[in-house]
Amino acid sequence: MSNELLGIGMTSQRSRNRLVDRLREMGIASEIVLETIRNTPRHIFVDEALATRAYDNTALPIGHNQTISQPYIVARMIEALLEGKVPATVLEIGTGCGYQTAILARLVNKVYTLERIDALLNRARDNFIRLGYTNIRTKHTDGNLGWPEYSPFEGIIVSAAPNEIPEKLLEQLAPGGRLVIPVGRSGEQELLTIVREERGFSEKRLDWVSFVPMLEGLG
Ligand code: SAH
């Protein structure tokens, strides 16, 4: 790996190890998730001016009024998505700068990711190429629609909060598949895991959370 990807000083392996220790203290137990966070260079996904804060456990601005999610939340959601069995195919809504996508792509066979803001998606695509990912497919679209052509998905993970679970996402979930999604208005959002059972869906509440709203149409 090049020195730039490995990081130096505040973006070094030591900073990443500290972040992983913190996530473990906060209750993340999945070793495979912690290991993947340890090995994924988050500083590549934020502006150079913010790189020294890349391994803080906080959300950071990525422009267009959006943020890169807090590492704890990324870890918590992926841990919930992988519970039971690792899904082969995952649909992600809200690519943003692509940090969570990159982590998913190290854990599952194929990631399909949707983003409504073209400029962010282009930046994410550049990041994927730079880091050498070949198992990520991207699309500029409203994530409320899902991606019917590649459905059903064994896992769906949503990085922005709708007021209600989009019907299309439930439809595109494979039998036994899991959907991890924050739902609700600002200030009262809950992170949910929905599992497609033989008949209908089961629902589990994970945490109170704070996500940007899931908007309609293109940005
Ligand atoms: N997964 C990102 C989080 C980005 S923030 C990370 O790793 O940090 C959430 C993203 O969801 C924003 O980029 C926002 O533009 C996007 N978003 C909001 N509503 C959307 C919609 N309806 N369809 C697709 N993307 C949406």
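Residues numbered from 1 in each chain as written. Predicted model: local features only at pLDDT ≥ 70, side-chain atom pairs only at ≥ 80, totals over all residues. Heavy atoms only, no water.

### A closer look at the packing of aromatic side chains
Step number 1: If you walk through the whole model with that rule in mind, you get six aromatic pairs.
Step number 2: Note on Tyr 112 and Trp 147: the rings are 5.7 Å apart at their centroids and 85° apart in plane angle, and the pair reads as edge-to-face. You can see Tyr 112 sitting in strand S4 (residues 110-115) and its partner Trp 147 sitting in the loop between strand S5 (136-140) and strand S6 (153-158), a full 35 residues away along the chain.
Step number 3: Its end group placed over the ring of Tyr 99, Arg 42 keeps NZ or CZ at 5.4 Å from the ring centre. (Phe/Tyr/Trp six-rings, centres within 6.5 Å; stacked < 30°, edge-to-face > 60°. Helix = DSSP H or I, 4+ residues; strand = E, 2+ residues; numbered from the N terminus. Lys NZ or Arg CZ within 6 Å of the ring centre and 35° of its normal.)

### Quick word on helix H3 (residues 31-39)
Step number 1: Inspection of H3 places Val 33, Leu 34, Thr 36, Ile 37 and Arg 38 among the buried residues, and these make up the whole buried set.
Step number 2: The elements touched by buried residues of H3 are helix H2 (13-25), helix H4 (71-82) and helix H5 (99-107). (Buried < 20%, exposed > 50% of the residue type's maximum accessible area, 1.4 Å probe, protein only. Contact = heavy atoms within 4.5 Å.)

### Here's the deal with the nonpolar core
Step number 1: Grouped together as the largest cluster of nonpolar side chains are 50 residues, with contacts concentrated most on Leu 23, Ile 37, Phe 45, Ile 68, Ile 78 and Tyr 99.
Step number 2: For this core, the secondary structure elements donating two or more residues are H2, H3, strand S1 (60-63), H4, H5, helix H6 (118-131) and strand S9 (201-209).
Step number 3: At nine residues, H4 tops the list of elements feeding residues into this core.
Step number 4: Leaving out residues up to four positions away in the same chain, Ile 37 has contacts with Leu 19, Val 20, Leu 23, Pro 71, Ala 75, Tyr 99 and Ile 103.
Step number 5: In this structure, Ile 93, Trp 147, Leu 173 and Ile 194 belong to the second largest nonpolar core, which totals 18 residues. (Core = buried A, V, L, I, M, F, W, Y, C linked by side-chain atoms within 4.5 Å.)

### Details of unusual backbone geometry
Step number 1: Residue Ser 151 is joined to Pro 152 through a cis peptide bond whose omega torsion reads 0°.
Step number 2: Residue placement: Pro 152 occurs in the loop between S5 and S6.
Step number 3: Backbone geometry places His 64, a non-glycine residue, at a positive phi of 55°.
Step number 4: Among the structural elements, His 64 can be located in the loop between S1 and strand S2 (66-68).
Step number 5: Residue classification places His 64 among the partly exposed positions, given a relative accessible area of 43%.
Step number 6: For Asn 65, which is not glycine, the phi dihedral falls at a positive 65°.
Step number 7: Its place among the elements puts Asn 65 in the loop between S1 and S2.

### What about the site of the ligand?
Step number 1: As a structural note, the neighbourhood of the ligand is formed by 26 residues, with Ser 69, Glu 115, Asp 142, Gly 143 and Leu 215 the closest of them.
Step number 2: Interatomic distance of 3.0 Å between a backbone N/O atom of Gly 94 and a nitrogen atom of the ligand.
Step number 3: When isolated, the ligand has an accessible area of 580 Å², and the protein chains bury 99% of it.
Step number 4: Put simply, the parts of the chain that give the shell around the ligand at least two residues each are S2, strand S3 (89-93), H5 and S4.
Step number 5: With three residues, the top contributor of residues to the shell around the ligand is S2.
Step number 6: Class assignment for the residues of the shell around the ligand results in eleven nonpolar, eleven polar and four charged. (Near = heavy atom within 4 Å. Polar contact = N/O pair within 3.5 Å; in protein donor to acceptor, adjacent residues only side chain to side chain. Areas by Shrake-Rupley, 256 points an atom, 1.4 Å probe, with all protein chains shown as cover. Nonpolar A, V, L, I, M, F, W, Y, C, P; charged D, E, K, R; others polar.)

### Observations regarding the sheet that holds strand S8 (residues 189-196)
Step number 1: Read across the open sheet, the seven strands follow the order S5-S4-S3-S6-S7-S8-S9; overall the sheet is mixed. What marks the edges here is a single partner per strand, and that holds for S5 and S9. In this sheet, adjacent strand axes meet at a mean angle of 15° when their direction is disregarded.
Step number 2: Note that strand S7 (residues 173-183) and S8 share six bridges and pair antiparallel. Counted as the bridge partner of Pro 182 is Leu 191 from S8. (Pairing = 2+ DSSP bridges. Axes fitted to C-alpha atoms, helices over the stretch in contact; angles between N-to-C directions.)

### Brief notes about the environment of Tyr 150
Step number 1: Assignment of secondary structure puts Tyr 150 in the loop between S5 and S6.
Step number 2: You can call Tyr 150 partly exposed: its relative accessible area is 30%.
Step number 3: Between the alpha carbons of Tyr 150 and Leu 91 there is a distance of 9.0 Å; along the sequence they are 59 residues apart.
Step number 4: With sequence-adjacent residues up to four places away left out, Tyr 150 is seen in contact with Tyr 112 and Arg 137.
Step number 5: Among the polar contacts made by the side chain of Tyr 150, one reaches the side chain of Arg 137 at a distance of 2.8 Å.

The quantities given are spatial measurements derived from coordinates; they are silent on function.
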